[in-house]
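Here are the chains, one letter per residue:
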Amino acid sequence: MNNKARYLHTIVSVVVECCVTEIGDGEMSLSEEDVLGKSRAENVVMCRSICVMLMVGAGYSITTIAQLFHRTPHAIRHLLEVGHRFHVTSRAFQVASAEATLRCRDISVDDTGE
């Protein structure tokens with residue numbers, strides 16, 4: 001995996017850590033597989049839209065993001081719109097988005113290597 005792909009997956013990991021909640025008996029509300037999969041659950045869509053917003057902010061193209069999420073560029077643009085709506089209406093989205101933004105800002109491409 002090259003640095004570009006590693007950085008994209010690091011963004012997804014950080015955002016999932018910021019959005020996940022424990023729902024009893026140690027079970028978590030979402031996973032990276034949920035975010036990269038086809039789930040339409042609200043918390044997964046919120047997490048996915050934060051990922052897309054951060055990736056666009058990091059300079060990745062809509063096409064590259066679409067390939068990572070196995071979606072069309074139109075679907076990625078729709079996620080950006082949904083993210084803006086969540087930002088206006090959801091306090092949980094604002095908190096998770098702010099935390100993910102701060103944590104992703106500190107990541108450099110060199111930090112994602114093994």
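Just above sits the structure.
From a predicted model like this one, the values you see are computed outputs, not experimental measurements.

Colleague: Would you mind showing me how to read helix H4 (residues 62–69) here?
Modeller: Helical geometry: 3.6 residues make up each α-helical turn, so side chains three or four residues apart lie on a common side. Taking burial as the measure, the eight residues of H4 include six buried ones, the bulk of the element. For H4, the full list of buried residues reads Ile62, Thr64, Ile65, Ala66, Leu68 and Phe69. Contact partners of the buried residues in H4: helix H1 (3–19), helix H2 (32–36), helix H3 (42–57) and helix H5 (73–89). Downstream of H4 by a residue or two, His70 has a phi angle that is positive, lying close to 55 degrees.

Colleague: Mind showing me how you'd approach the pattern of salt bridges here?
Modeller: Pairs may arise between side chains of opposite charge once their charged atoms sit close together. Enumeration according to the criterion identifies two salt bridges in this entry. Residue Arg103 is joined to Glu17 by a salt bridge in which the shortest nitrogen-to-oxygen separation is 2.4 Å. Of this pair, Arg103 sits in helix H6 (residues 91–105) while Glu17 is found in helix H1, placing the two residues 86 residues apart along the sequence. By relative accessible area, which is 46% here, Glu17 ends up partly exposed. Note that Glu99 is salt-bridged to Arg103, the shortest N-O span being 3.8 Å. Note that Glu99 and Arg103 are positioned in helix H6 at a spacing of four residues, about one turn of the helix. For Glu99, a relative accessible area of 35% puts it in the partly exposed group. The network of salt bridges with common partners includes Glu17, Glu99 and Arg103.

Colleague: Got a minute to help me understand the environment of Ala96 in this structure?
Modeller: Here Ala96 lies in helix H6. Measuring from C-alpha to C-alpha, the distance between Ala96 and Glu17 comes to 9.2 Å, with 79 residues separating the pair along the chain. Beyond its immediate stretch of four places on either side in the chain, Ala96 contacts Cys18, Cys19 and Ile50.

Colleague: Please explain the nonpolar core as it appears in this structure.
Modeller: Soluble, globular proteins show a tendency: their nonpolar side chains are buried together. Counting residues in hydrophobic clusters, the biggest one holds 36 residues, and the most contacted among them are Val15, Val35, Ile50, Met55, Phe69 and Ile76. Where this core is concerned, the elements lending two or more residues are H1, H3, H4, H5 and H6. With sequence-adjacent residues up to four places away left out, Phe69 is seen in contact with Val35, Leu36, Arg48, Cys51, Val52, Met55 and Ile76.

Colleague: In this structure, what is going on with the packing of H3 against H6? I would like to understand it.
Modeller: At a closest axis distance of 10 Å, the pairing of H3 and H6 adopts a crossing angle of 40 degrees. Viewed along their axes, H3 and H6 adopt a mutual orientation that is oblique. Between H3 and H6 lies a crossing of right-handed hand. Seen from H3, the contacting residues are Met46, Ser49, Ile50, Met53 and Leu54; seen from H6, they are Phe93, Ala96, Ser97, Ala100, Thr101 and Cys104. Residue composition of the contact of H3 with H6, by class: eight nonpolar, three polar and no charged.

What counts and what doesn't
- Residues numbered from 1 in each chain as written.
- Predicted model: local features only at pLDDT ≥ 70, side-chain atom pairs only at ≥ 80, totals over all residues.
- Heavy atoms only, no water.
- Buried < 20%, exposed > 50% of the residue type's maximum accessible area, 1.4 Å probe, protein only.
- Helix = DSSP H or I, 4+ residues; strand = E, 2+ residues; numbered from the N terminus.
- Contact = heavy atoms within 4.5 Å.
- Salt bridge = Lys/Arg side-chain N within 4 Å of Asp/Glu carboxyl O.
- Core = buried A, V, L, I, M, F, W, Y, C linked by side-chain atoms within 4.5 Å.
- Axes fitted to C-alpha atoms, helices over the stretch in contact; angles between N-to-C directions.
- Parallel < 35°, antiparallel > 145°, perpendicular 65-115°, else oblique.
- Left-handed = near helix turned anticlockwise from the far one by under 90°.
- Nonpolar A, V, L, I, M, F, W, Y, C, P; charged D, E, K, R; others polar.

So yeah, pure geometry; function would need other evidence.
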